[in-house]
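Descriptive analysis of the structure
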Amino acid sequence: MNPSPAFDELLVVASSWLIAGCACWAVLISAAAVLEALSSGRLRATSWVGCPPALRRALLAALGVALVSTPGPVSAAAPTSASTGRPLPLPDRTSGLSRAALPVHVVVRPGDSLWHLAQTRLPRASPAGEVAVLVDRLHRRNREVIGPEPDLIRPGQRLSVPPVPHQRSRHHEESR
């Protein structure tokens, strides 16, 4: 028996809040450890935030190691090729929502089609052939939900979205 999508979403939200709370506590303990280190141990700030003594010692030791092993300033020069000495090309930058950040499941809304769902996961200038390949992959992956006809998807259906292969960069295309 599969849990309902609402329970899945509730579990994700609850886990996210728990992780955020732990992260806040860790930041608070780190700040207290820095304050305690700056006061040479006279101010027991880590005990104020509920830090166990063993964690306090480990945190202060890690803070000392981090301060001692901090490297010097980093050069801001662009990386260069060892063979040519010319600057290396930078990768293409995407704007807006990253394709990797898109969900792996999607709930069909009124007006959606497999073509539209595939287009939203590919770069804007993708040729129709690439969109068609992704539509076919979407249909094959969700055949049990959609049925044999890929043009008949219904609102409320939950579809699994296949991973989109990485696109080649413009620089790679120009060098061919």
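Being a predicted model, the structure only gives us computed values, none of them experimental. (Residues numbered from 1 in each chain as written. Predicted model: local features only at pLDDT ≥ 70, side-chain atom pairs only at ≥ 80, totals over all residues. Heavy atoms only, no water.)

Let's talk about the packing of helix α4 (residues 114-121) against helix α5 (residues 128-141)
For the pair α4 and α5, the least separation of the axes is 9 Å and the interaxial angle reads 115°. Crossing hand, α4 versus α5: right-handed. For the pair α4 and α5, contact is made by Leu114, Trp115, Leu117, Ala118, Gln119 and Arg121 and by Ala128, Val131, Ala132, Leu134, Val135, Leu138 and His139, respectively. Residue classes in the contact of α4 with α5 are distributed as 10 nonpolar, 2 polar and 1 charged. (Axes fitted to C-alpha atoms, helices over the stretch in contact; angles between N-to-C directions. Helix = DSSP H or I, 4+ residues; strand = E, 2+ residues; numbered from the N terminus. Left-handed = near helix turned anticlockwise from the far one by under 90°. Contact = heavy atoms within 4.5 Å. Nonpolar A, V, L, I, M, F, W, Y, C, P; charged D, E, K, R; others polar.)

Some remarks on the state of the cysteines
Enumeration according to the criterion identifies 0 disulfides in this entry. The thiol of Cys22 is unpaired, and the distance to the nearest cysteine sulfur, on Cys24, comes to 9.4 Å. (Disulfide = S-S within 2.5 Å.)

Considering α5
Counted at 1.5 Å a residue, the expected span for α5 with its 14 residues is 20 Å, and the 20 Å between its end C-alpha atoms agrees. When α5 is considered as a whole, its buried residues turn out to be Val131, Leu134, Val135, Leu138 and His139. Buried residues in α5, looked at end-on, bunch into an arc of 140°, giving them a common side. Seen from the buried face of α5, the exposed residues on the opposite side, beyond 90 degrees, are Val133 and Arg140. (Expected span 1.5 Å × (residues − 1). Buried < 20%, exposed > 50% of the residue type's maximum accessible area, 1.4 Å probe, protein only. Arc of directions from axis to C-beta.)

Re the side chain of His139
Position of His139 relative to the elements: it lies in helix α5. A relative accessible area of 7% means that His139 is categorised as buried. Residues in contact with His139, not counting those within four places in the same chain, are Leu114, Ile146, Gly147, Pro148, Glu149 and Pro150.

Comments concerning the pattern of salt bridges
Summed over the entire model, instances satisfying the criterion amount to 1 salt bridge. Between Arg140 and Asp136 there is a salt bridge whose closest N-O contact spans 3.0 Å. Of this pair, Arg140 and Asp136 both sit in helix α5, separated by 4 residues, roughly a single helical turn. For Arg140, a relative accessible area of 55% corresponds to the exposed category. (Salt bridge = Lys/Arg side-chain N within 4 Å of Asp/Glu carboxyl O.)

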